[in-house]
Amino acid sequence: QVQLVESGGGLVQAGGSLKLSCAASGRSFSSYPMGWFHQTREKEREFVAGITWDDSTTYYGETVKGRATISRENDKNTVYLQMNSLQLEDTAVYYCAARRPYRTTSRLPNDYVYWGQGTQVTVSS
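Residues numbered from 1 in each chain as written. Predicted model: local features only at pLDDT ≥ 70, side-chain atom pairs only at ≥ 80, totals over all residues. Heavy atoms only, no water.

With respect to the overall build of the protein chain
Along the protein chain, the regular secondary structure elements total 0 helices and 11 strands. When the helices and strands of the protein chain are read in sequence order from the N terminus, they spell out β-β-β-β-β-β-β-β-β-β-β. A compact globule built from 125 residues should have a C-alpha radius of gyration of about 14 Å, and the protein chain, at 13 Å, falls within 12% of that. Principal axes of the C-alpha set define a box for the protein chain whose edges measure 40 × 25 × 25 Å. Considering the protein chain as a whole, with its 125 residues, one finds that 44% of them fall into the buried category. For the protein chain, the share of sequence-separated contacts (at least 6 apart) that also reach a separation of at least 24 residues comes to 59%. (Helix = DSSP H or I, 4+ residues; strand = E, 2+ residues; numbered from the N terminus. Rg over C-alpha atoms; globule rule 2.2 N^0.38 Å. Buried < 20%, exposed > 50% of the residue type's maximum accessible area, 1.4 Å probe, protein only. Contact = heavy atoms within 4.5 Å.)

Quick notes on the state of the cysteines
A disulfide bridge is the covalent bond that connects two cysteines by way of their sulfur atoms. In total, this model carries 1 disulfide according to the counting rule given. With a sulfur-sulfur separation of 1.9 Å, C22 is cross-linked through a disulfide to C96. Residues C22 and C96 are joined by a disulfide whose S-S torsion is about 40°; by sign, that bridge is right-handed. Here C22, found in strand β3 (residues 18-25), pairs with C96, found in strand β9 (residues 92-98); they are 74 residues apart in sequence, far enough to count as distant. Grouping residues by exposure puts C22 and C96 together as buried. (Disulfide = S-S within 2.5 Å.)

Some thoughts on the pattern of salt bridges
What the rule picks out here adds up to 3 salt bridges. The partner of K65 in a salt bridge is E62, and the shortest N-O contact between them spans 2.8 Å. With relative accessibility at 63%, the residue E62 sits in the exposed group. With its nearest N and O atoms 3.9 Å apart, the salt bridge here joins E73 to K76. Relative accessible area serves as the criterion here: at 30%, E73 is assigned to the partly exposed category. (Salt bridge = Lys/Arg side-chain N within 4 Å of Asp/Glu carboxyl O.)

Remarks on the side chain of R99
Residue position: R99 is located in the loop between β9 and β10 (114-115). This buried residue, R99, is left without a salt bridge; D111 holds the nearest opposite charge, at 4.3 Å. Among the polar contacts made by the side chain of R99, one reaches the main-chain carbonyl oxygen of D111 at a distance of 3.0 Å. (Lys, Arg positive; Asp, Glu negative; His and termini not counted. Polar contact = N/O pair within 3.5 Å; in protein donor to acceptor, adjacent residues only side chain to side chain.)

Describing the packing of aromatic side chains
Here the distance between the centres and the angle between the planes together describe a pair of aromatic rings. Per the stated rule, a full pass over the model turns up 7 aromatic pairs. Ring geometry for Y95 versus W115: centroids 6.3 Å apart, planes at 80°, classification edge-to-face. Of this pair, Y95 sits in strand β9 while W115 sits in strand β10; the two residues are 20 residues apart in sequence, bridging distant segments of the chain. Classification of W115 as partly exposed rests on a relative accessible area of 27%. Over the ring of W115 we find R45, and its NZ or CZ is 4.7 Å from the ring centre. Here the basic side chain of R72 rests over the ring of F29, its NZ or CZ set 4.7 Å away from the ring centre. (Phe/Tyr/Trp six-rings, centres within 6.5 Å; stacked < 30°, edge-to-face > 60°. Lys NZ or Arg CZ within 6 Å of the ring centre and 35° of its normal.)

As C-alpha cells, then:
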C-alpha cells in the first residue's frame, strides 16, 4: 500500500516555472513506477510524465515535452515534476500516481492503482 501526497502547486504567471513534489509513504517506494497526470473540468485525466521504477527512463506527454522534467529521489520517497515555460493551458489539478511494483511505465490512468489527492496549478496571463 502506498499513500501519495502532492505539494508545490499554486498560482504562477505564464512563462514561469513550478516544481511539484509527491511524497510517498509505505515501503519499497523504489519499486514503483511513477507518473504525473493533470485534469481540468473540461478534459479527462491526461498523462504528463512518467518515470520507471529503476529511474532508467522518463516519458512525457506531447503537451509538456521539452518543458517538463520528472525525477525521483528514492531515499526521500519523493518524485518531482519540474515545469518550465508554463502556459495558460497548463492550468489543471496535477496528480501523482503509482503503478504496482516493477511494472512498466504507462500513459494510461487506469494502469495506476495509487493516487494522490492532487494539487492545483493555475497559470495566469
